[in-house]
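A structural walkthrough
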Amino acid sequence: MAIRPIITLPDPALRTVSAPIERVDDELRRLMDDMLETMYAAPGVGLAAIQVGVPRRLVVLDVAEDGEERQPLCLVNPEIVTLGSEMHLHEEGCLSIPDVRVEIERPATVTVRYLDREGERNELAAEGLLATAIQHEINHLDGKLIIDFLSALKRDIVVRKFKKQARTAEAL
Ligand SMILES: [Zn+2]
């Protein structure tokens, strides 16, 4: 297992629409393990493959609290089957947009269909933080970021800040 670098704004790769995965094999399981280790080290509750530069439809999640036993989840080709009608407001962060938090209203419950680590079809009904995290990570697979929920003006301010940081880092 290895920790992989997480790409951040304004890297254009974050806007990629990730491609479906055709086969769940050992190579993919290695990527899952690396992504889990990267997510735990960050630390974060979810990570999409594109965030480590791999444009494939894979996300890993673990919403267990500190001190609780780990509950790693790997979702291959996740697809939302149903969204609940009740909405829930949550302040979200993103490992690819450090130090930015955005209040986002999303359905409070979600059912998702996916292939698991063994390539078996599975369905999961989620609520609370897990429901939010699943929707956030599936957004990544479609090139959508939390800043897209902001007004155009606020989004520009964030993007400009990250572009400036990137330029400063290059100049050093
Ligand atoms: Zn994110």
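Before reading on, note that the structure itself is shown above.
A brief look at the structure comes next. (Residues numbered from 1 in each chain as written. Predicted model: local features only at pLDDT ≥ 70, side-chain atom pairs only at ≥ 80, totals over all residues. Heavy atoms only, no water.)

Considering the side chain of Arg57
The condition is simple: Under the scheme used here, helices are H or I runs from DSSP no shorter than 4 residues and strands are E runs no shorter than 2 residues, and both carry numbers assigned from the N terminus. A simple rule labels every residue: compare its accessible area, found with a 1.4 Å probe on the protein chains alone, to the largest value its type can have, and call it buried under 20%, exposed over 50%, or partly exposed in between. Nitrogen and oxygen atoms within 3.5 Å of one another constitute a polar contact, given that in protein one can donate a hydrogen and the other can accept it, and given that sequence-neighbouring residues count only through two side-chain atoms. By definition in these notes, contact holds between two residues if any of their heavy atoms fall within 4.5 Å.
Inspection of the secondary structure assignment puts Arg57 in the loop between strand S1 (46-48) and strand S2 (58-61). Judged by its relative accessible area of 13%, Arg57 is buried. Separated by 2.9 Å, the side chain of Arg57 and the backbone oxygen of Ser18 make a polar contact. Ignoring sequence-local partners within four residues, the contact set of Arg57 consists of Val17, Ser18, Ala19, Pro20, Ile21, Leu75, Val76, Asn77, Pro78, Leu141 and Asp142.

Points about the sheet that holds strand S7 (residues 121-127)
Definition in use: Criterion used throughout: strands pair if DSSP finds at least two bridges between them. For helices, the fitted axis covers only the stretch in contact; all axes are lines through C-alpha atoms, and the angles between them, taken along N-to-C directions, range from 0 to 180 degrees.
Taken in spatial order, the five strands line up as S1-S2-S3-S6-S7 in an open sheet, and their pairing is antiparallel. In this open sheet, the two strands that pair with only one neighbour each are S1 and S7. Strand-to-strand, the axes of this sheet are offset by a mean angle of 40°, without reference to chain direction. Bridge count for strand S6 (residues 109-115) against S7 is seven bridges, and the pairing is antiparallel. In the sheet register, Thr109 faces S7, and the bridge partner there is Glu127. With respect to the sheet, helix H1 (residues 26-41) is in contact with S1, S2 and strand S3 (73-83), its orientation differing from that of S2 by roughly 40°. On top of the sheet, helix H2 (residues 128-141) reaches S1, S2, S3, S6 and S7; it is set at about 125° to S7, its chief contact.

With respect to H1
Quick reminder of the rule: Residue count minus one, scaled by 1.5 Å, sets the expected span of a helix.
Taking 1.5 Å per residue, 16 residues should reach 22 Å; H1 reaches 22 Å between its end C-alpha atoms and fits that length. Restricting attention to buried positions, one finds in H1 the residues Leu28, Arg29, Leu31, Met32, Asp34, Met35, Leu36, Thr38 and Met39. Check the buried side of H1 and you find it contacts S1, S2 and S3.

Concerning unusual backbone geometry
Of note, the amide linkage connecting Leu9 to Pro10 takes the cis form, showing an omega dihedral of 5°. Tracing the backbone shows Pro10 in the segment before H1. In this model, Ala42 is joined to Pro43 through a cis peptide bond whose omega is -10°. Its place among the elements puts Pro43 in the loop between H1 and S1. A positive phi angle, near 50°, is found at Asn77, a position not held by glycine. Phi is positive for Asp99, which is not a glycine, with a value near 65°. By relative accessible area, which is 78% here, Asp99 ends up exposed.

Notes on the side chain of Glu92
On the secondary structure map, Glu92 appears in strand S4 (residues 87-92). Reaching out from Glu92, the side chain makes a polar contact with the side chain of Arg106 at a distance of 2.7 Å. Leave out the neighbours within four places in its chain, and Glu92 touches Val100, Arg101, Val102, Ile104, Arg106, Thr132, His136 and Ile146.

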